[in-house]
Amino acid sequence: MAARAAGAAVNKAELTGRMRDRVAFSRTTSDRDALGGVTGAVTDLGEYWAALESLDPGPATEAQARAARPRWQCVMRSAAAIRTGDLAHWNGRELRVLSVRVDHWPEALLTLQL
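Residues numbered from 1 in each chain as written. Predicted model: local features only at pLDDT ≥ 70, side-chain atom pairs only at ≥ 80, totals over all residues. Heavy atoms only, no water.

Caption draft 1: Layout of the environment of aspartate 103. Relative to the elements of secondary structure, aspartate 103 occurs in strand 6 (residues 99–103). Given the relative accessible area of 26%, aspartate 103 is considered partly exposed. (Helix = DSSP H or I, 4+ residues; strand = E, 2+ residues; numbered from the N terminus. Buried < 20%, exposed > 50% of the residue type's maximum accessible area, 1.4 Å probe, protein only.)

Below, the structure written as structure tokens:
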């Protein structure tokens, strides 16, 4: 897939056969124990077929600014469990979900900014 500007519309017809990547999602939760220490747990949210593509990073910005880091767009069939802050595990990378957009026509599709 070619690079696409952030927020660009996704043509549903072009997704046919494009969901070739398996992406696993997880959520990290933390809590305090009786002594005030942090306890954490990782919850697996499932593994889904998705279409991932690199987003255009836009103009160069100052050193290591968040906007200058590589970003990805992930389009998949809707999974209500996925939300902002979850982790996507794909191709040996761990990516944080930055935004979630649900498109209900013609089918429920989830577009994630990673």
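Caption draft 2: Spatial organisation of the pattern of salt bridges. Under the definition given, this model contains two salt bridges. The shortest N-O distance in the salt bridge between arginine 22 and glutamate 47 comes to 3.2 Å. Highlighted residues: arginine 22 in strand 1 (residues 21–32) and glutamate 47 in strand 2 (residues 38–55), separated in sequence by 25 residues. Taking the relative accessible area as the measure of exposure, glutamate 47 reaches 46% and is therefore partly exposed. Where arginine 27 meets aspartate 86, a salt bridge forms, and the shortest distance between an N and an O atom there is 2.7 Å. (Salt bridge = Lys/Arg side-chain N within 4 Å of Asp/Glu carboxyl O.)

Caption draft 3: The arrangement of the sheet that holds strand 5 (residues 93–96) in detail. What the seven strands build is an open sheet, ordered 5-4-1-2-3-7-6; its pairing is antiparallel. Edge positions in the sheet fall to strand 5 and strand 6, since each has one partner strand and no second. Taken over all neighbouring pairs, the strand axes of this sheet differ in orientation by 35 degrees on average, direction set aside. Relative to strand 2, strand 1 runs antiparallel, the two being bridged by twelve bridges. Within strand 2, the residue paired with arginine 27 across the bridge is threonine 43. (Pairing = 2+ DSSP bridges. Axes fitted to C-alpha atoms, helices over the stretch in contact; angles between N-to-C directions.)

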